[in-house]
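# Coordinates in review
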Amino acid sequence: MKPKNFRDTYKHEMEEIQLDDKQLASLLSAIEAEELTQGQTYSSVTTPATEERAYSPTPASAPVKKQRKRFWKDWSTAGQVVTVSSGLVGATAMLFFGVVAWSAMSTLFLPATVNSTLSEPFELGEAAQTELPLEGMVALIPADNDYTNIYTTLEQIHERDMRELERSRAEAEQRREAQLRNDSSRSFFSFFGNDSDDMATNEEPLSEDMALDSADSFAPESEMFFEDDGGSFGGASSRDNPDFSDTNIQVQGVQEGDILKTNGHYIYALSTAGLTVIEANAGNPRVLSTLAFDDAHGPSFRPGALERQGTTSPRSTRSASAAGSENIYSKMYLEGDRLIALWAITNDPMTSVHFPEMAGVDIFDVSNPASPRYLTSFSLGGNLVNSRMIGDVLYLVCTTYIDDARRERGRPETFIPFVNHDDETILAPASHIRITPETREMRAKYTHIVGIDTSRGGRLVSQAALLGGSDDLYMSTDNLFLLSEGQIRKPARGADIVGNATTVTRVGLDAGYIDIDNSRRLPGIVNNQFSLDEKDDVLRIITTFTRWEDFSQSRSQGSTGRGSTGWDSDDLITEEWEPTSSDFTDTTVWTLDARLEIIGMIDGFGIDEDVYSARFMGDIVYFVTFREIDPVYAVDLSDPANPRFLSELKIPGFSEYLHPWTDGMLFGFGRDACEITGIRGGLKLSMFNISNPRDVTREHYLILDDYRDSDASSNHRAILVSPERNLIAFPADDSYMIYSFHEQRGFELVERLPLISEGDTPARGLFIDDMFYVFELGDSPNVEVFILPDFQTWDFLWL
Amino acid sequence: MNMTTEVCSCDLSPTALVKRHSARVFRAVVATCGSRSTADDIVQRVFLQLVRTRPTFENDRHAKAWLLRVAINCCKDLHRSVWQSKVGSLDEIQENQASTRELVAEHTVLASSGGSYSATREHHPEEAFEKAEQQKTVLEAVADLPPNQRSCIHLFYFEDLSIAEIAETLEQPAATVKSHLHRGRAQLQTILGEEYDYEA
């Protein structure tokens, strides 16, 4: 038989895949709205737009200028702003402009502390116009007892959204007409305009939500572990206290959920097979029981009808979950004899069917691991953002959307977040709800925080909600810091200054009791949870600010008064500065007090680079920025009011995860990169000597040329770093790699285990006493056992 | 940004690019992330990035390459985030297996169906399922490849790019692209048998 042509067949099948008209129209309207937000269209590059910009009601240049100068002075004389001198960062003209630009930016944001008090009525329209509440401190308004002001706010937001849409549409229309007149070659604009108008009422959340989505890719779920290096500790309900490795976390005492948990005797693994309970059995693992989600919840699981029982049925068939049961266990916690499994039912954005999204937690008694017993469950509406566990208390953070169509004034359950437990619906109490002015959110949503005591059968301790979304979080043992990305826009001399921003909300935690304290908006965004740390009530946070505006616009629009370059020129930024595709970025380390007031800051790091990793170790933070080369910076934060730059080490490549090794060593996991072009190479292991933070050096490194991708690059739970056992273990492409480190010889490969299923199989390694277990948890779940320290193969088991 | 942007004969405004290339980008995204469920989100992200960063394109080919690159990078980011946010996410694993089967079925039935897996599968889900198990379509086979191989295979066989062009688009060394293609083909051969000729 003559073979068929692959190319033709592939093309033929691929051509079936198309965006339908509705998707295209929605895409176009999103683009248009974004163009409006950006304040201009492509065509205005060559044809300066004359219309007013969308968000610049008062481009009053003179007052801005005055204020800017004054502010910079105030800040610098107060000694609270420290900028790394250009010499240290490798002085370039770019840096100079960068710092100046930054100073200009910071003065625009920092003074904007909100004057409004909580007692003042929340006036959305005003907020949207002045935008002041978005910068600096963010006023959080408590909810009325009967949720009246929440309802009113939701209505305002809804109306605002509608107005906004209306206005965008009108403006788009006007612009199209103008363009039509100017440029007949773009005549199809009007054609598309009609399409997008039809779609506009169904408009998807725009830029804000996009930013949120991308934030998901940051490691949102864990905590830190500095001083406790390897993440290995014996603990748990064991008779003979085996020495075993636990999930790699950020903060000691704050547990993070993962797909593999052990107490040294039993191992709990999440895979397509369900939740498998394995007896470690000194290196001869045995499967004791398997819990499939459908077994626990039943195929007809519905909100409000949580009927299930713990079962120990054989593993579920894949078709069961493929058949539409989208709720699955995504993470676990193990505390004493309780196994806490998290699940989520999410909407597929591609389908038109929308059911209420739910997230929840099932608590099992695993005192008899051969037969886990279902105890209870809690569920809440929304998407799980993240979770943490401190002692017995589990904290869930969810994003809950409000369905405007269902919202009814007299029925708080239609617009207030709730927890379902034991057939009972418990609304978040008004005393624990705060409203934040989220004027750019296209849809109203809450961040819902729930504290559950998992001991004694499970108990809802308290819940709180913030009207406004969250993307990521960092949790210390006392506080939760919610991070929400947004943008800052300031009208400035005709061209808007646009940049990204993060709202940090401090939430006090006490054994499950949750109190929302304060919010502050900072310019820039946060890389991941490792960019935050709390020590002695001081929050240290690293943000990278990116300015999106193309300032050459302001020149072309005939702005006047260009002075010489220098601090007091308004036009520095436009002068000789060619924006690149990602424009200008700058990284800042902030220190904030318990009220989130700024104590100090230091900026000027990684001009035009992004933060790739950070690790706080006591008073010092080490962080890595990258574009073409990889500076490792050290900053001393022992005096929060006066952060001090200590050192900078430039080497090719970058680290995406930093972990303390022994004796003044810091391990970095990342990628190699070309010094000139920044093109990324293989995975790279680095060992930095930080015994003198003023002179950080790289002792050893190893480039894995054949391996480029690792789960551990973006998920610290996938890597095992144990200085005690001298083990560094992580998945890389289709292998699981185990390395050791020697001071003289550097990194040495101990074992390379090919994974059975190719692709993105999640793999985890752990050790229990002298046995090392490598779990492959994809669609062919299995475990392979080795004997330490020589890694002789010992056993293998399909799960 | 160069103010004297070369005006080329074709319209390079975002709206025009959406119209011209959205289907192409969509296909590249579907091929790369193997999942339709997030594809239009990514497509939107790609074009929003276009609006935000306003790169200057010399011509349509340049714009096309930029869009494909950003789209594939977005998929990679997503890939990370999928494991990130839903680690152990069984449905994603399922989805990876099921997605391509869905793809074909969805496109024939999507408009009327609720989008759930079984509902999109023709009229005899079990039968179709078994059939799919036995004989995978080319799309399904490609979806079983690792993401890097998927994107290379797609650009090579669908976009008809040369290895050098793929390397340029993906900002990867040509040798890497070659090895992705080579491994991808080998893998396809094991999945699909000797039924296809890959050289043509």
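Because the structure is a prediction, the values reported are computed rather than measured.

Procedures and definitions
- Residues numbered from 1 in each chain as written.
- Chains lettered and ligands numbered in written order.
- Predicted model: local features only at pLDDT ≥ 70, side-chain atom pairs only at ≥ 80, totals over all residues.
- Heavy atoms only, no water.
- Helix = DSSP H or I, 4+ residues; strand = E, 2+ residues; numbered from the N terminus.
- Buried < 20%, exposed > 50% of the residue type's maximum accessible area, 1.4 Å probe, protein only.
- Areas by Shrake-Rupley, 256 points an atom, 1.4 Å probe, with all protein chains shown as cover.
- Contact = heavy atoms within 4.5 Å.
- Polar contact = N/O pair within 3.5 Å; in protein donor to acceptor, adjacent residues only side chain to side chain.
- Core = buried A, V, L, I, M, F, W, Y, C linked by side-chain atoms within 4.5 Å.
- Pairing = 2+ DSSP bridges.
- Axes fitted to C-alpha atoms, helices over the stretch in contact; angles between N-to-C directions.
- Left-handed = near helix turned anticlockwise from the far one by under 90°.
- Nonpolar A, V, L, I, M, F, W, Y, C, P; charged D, E, K, R; others polar.
- Expected span 1.5 Å × (residues − 1).
- pLDDT = per-residue confidence, 0-100.
- Parallel < 35°, antiparallel > 145°, perpendicular 65-115°, else oblique.
- Phe/Tyr/Trp six-rings, centres within 6.5 Å; stacked < 30°, edge-to-face > 60°.

Let us now look at the overall build of chain B. Secondary structure assignment for chain B yields nine helices and one strand. The secondary structure elements of chain B, listed N-terminal to C-terminal, are α-α-α-α-α-α-α-α-α-β. For chain B, the residues scored as buried account for 60% of the 200 residues in total.

Across its full length, chain A carries 13 helices and 43 strands. Residues counted as buried form 62% of the 799 residues belonging to chain A. Summed over all atoms, the accessible surface of chain A reaches about 28900 Å², with 48% contributed by carbon and sulfur.

With that settled, the discussion passes to helix α1 (residues 6-15) of chain A. Burial of α1(A) is extensive: seven of the 10 residues sit out of reach of the surface. Turning to α1(A), its buried residues number three or more, namely A:F6, A:R7, A:T9, A:Y10, A:K11, A:E13 and A:M14. Among the structural elements, β1 (4-5) of chain A together with α1 (14-33), α6 (138-143), α7 (147-158), α9 (174-192) and β1 (196-197) of chain B are those in contact with the buried residues of α1(A). Here α1(A) starts with a cap whose side-chain oxygen sits 2.7 Å from the backbone nitrogen of A:R7, and that cap is A:N5.

Moving on, we get to the nonpolar core. By size, the foremost hydrophobic cluster in this structure holds 57 residues, and its most contacted members are A:F6, A:Y10, B:V29, B:F47 and B:L188. Contact partners of B:F47, with chain neighbours within four places excluded, come to A:L27, A:I31, B:L17, B:V18, B:H21, B:S22, B:V25 and B:L67. Membership of the second largest hydrophobic core comes to 34 residues, among which are A:L140, A:V385, A:L466 and A:L509.

Residue and element names in this part refer to chain A. Reading across from one edge, β36-β37-β38-β39 is the order of the four strands in this open sheet, with antiparallel pairing throughout. Strands with a single pairing partner mark the edges of an open sheet, and in this sheet they are β36 (720-722) and β39 (746-754). Pairwise comparison of adjacent strand axes, ignoring direction, gives a mean angle of 20 degrees for this sheet. Across three bridges, the pairing between β36 and strand β37 (residues 727-732) is antiparallel. Bridged to V721 within β37 is I728.

Strand-to-strand pairing in sheets goes through backbone hydrogen bonds, with the strands running parallel or antiparallel. Residues and elements named next belong to chain A. In spatial order, the strands read β9-β10-β11-β12-β15-β16; together these six strands make up an open sheet with antiparallel pairing. Strands with a single pairing partner mark the edges of an open sheet, and in this sheet they are β9 (328-335) and β16 (424-427). Averaged over all adjacent pairs, the angle separating strand axes in this sheet is 20 degrees, with direction ignored. Where strand β15 (residues 418-421) lies against β16, four bridges are found, and the strand directions are antiparallel. Looking at the pairing, N420 lines up with T425 of β16.

Residues and elements named next belong to chain B. One way to put it is that α1 packs onto α7 with a least axis distance of 7 Å and a crossing angle of 145 degrees. Relative to α7, α1 is oriented so that their crossing is right-handed. On the side of α1, the interface is formed by R27, A28, A31, T32 and C33, while α7 contributes P147, R150, S151, H154 and F158. Class assignment for the residues of the contact of α1 with α7 results in five nonpolar, three polar and two charged.

Here the focus is the environment of A:T376. Residue and element names in this part refer to chain A. Checked against the element boundaries, T376 lands in strand β12 (residues 373-381). For T376, a relative accessible area of 6% gives the class buried. Measuring from C-alpha to C-alpha, the distance between T376 and F364 comes to 7.4 Å, with 12 residues separating the pair along the chain. Excluding its chain neighbours within four sequence positions, the residues that come into contact with T376 are V361, D362, I363, H421, D422, G457 and G458.

Over its 20 residues, α1(B) extends only 24 Å from the first C-alpha to the last, a length that falls short of the 28 Å expected when each residue adds 1.5 Å. In terms of burial, α1(B) is largely enclosed, as 16 of its 20 residues are buried.

A few words on the confidence of the model for chain A. Residue and element names in this part refer to chain A. Per-residue pLDDT for chain A has a mean of 72; in total, 67% of the residues score no lower than 70. Averaged pLDDT values over the elements of chain A bottom out at 27 in helix α4 (residues 61-77) and peak at 94 in β36. The low-confidence segment residues 185-239 (pLDDT under 50) makes 193 contacts with residues lying over four places distant or belonging to another chain. Low pLDDT, under 50, characterises residues 550-582; the predicted model gives this stretch 68 contacts beyond four residues in sequence or across chains.

Moving on: the confidence of the model for chain B. Residues and elements named next belong to chain B. Summary statistics for chain B give a mean pLDDT of 70 and a share of 64% for residues scoring 70 or more. Summarising per-element confidence for chain B, the mean pLDDT is lowest in helix α4 (residues 90-109) (43) and highest in α7 (87). Note that residues 82-125 has pLDDT below 50 and, in this model, 103 contacts with residues that lie over four places away or in other chains. Every residue in residues 128-133 scores below 50 in pLDDT, and together they form eight contacts with partners more than four places removed in sequence or on other chains. In the predicted assembly, ipTM is 0.74 and pTM is 0.61.

Residue and element names in this part refer to chain A. Within the secondary structure, I435 is located in strand β17 (residues 433-435). A relative accessible area of 1% places I435 in the buried class. Here the alpha-carbon distance between I435 and A143, two residues 292 residues apart in the chain, equals 6.9 Å.

Right, let's get into the side chain of A:S462. Residues and elements named next belong to chain A. Relative to the helices and strands, S462 is located in strand β19 (residues 459-467). For S462, a relative accessible area of 9% gives the class buried. Side-chain polar atoms of S462 contact the backbone oxygen of G512, separated by 2.8 Å. The contact partners of S462, leaving out residues within four places of it in the chain, are I449, V450, G451, G512, Y513 and I514.

Our focus in this paragraph is the packing of α1(A) against α7(B). Remark: α1(A) packs on α7(B), axes separated minimally by 9 Å, with the N-to-C direction vectors making an angle of 100 degrees. The orientation of α1(A) relative to α7(B) falls into the category roughly perpendicular. Of the residues in α7(B), those touching α1(A) at A:F6, A:R7, A:Y10, A:K11, A:M14 and A:E15 are B:I153, B:H154, B:F156, B:Y157 and B:F158. Tallied by class, residues from the contact of α1(A) with α7(B) come to seven nonpolar, one polar and three charged.

Residue and element names in this part refer to chain A. Considering all chains together, one arrives at 28 aromatic pairs over all chains under this definition. An angle of 65 degrees between the planes, with centres 4.8 Å apart, marks the rings of F669 and F730 as edge-to-face. A residue pair is termed long-range when its members are at least 10 positions apart, and F669 in strand β33 (residues 665-673) and F730 in strand β37 qualify at 61 residues. F669 sits in the buried class, given a relative accessible area of 0%. Aromatic side chains F772 and F791 sit 5.3 Å apart centroid to centroid with 55 degrees between the ring planes, which places their arrangement in the tilted category.

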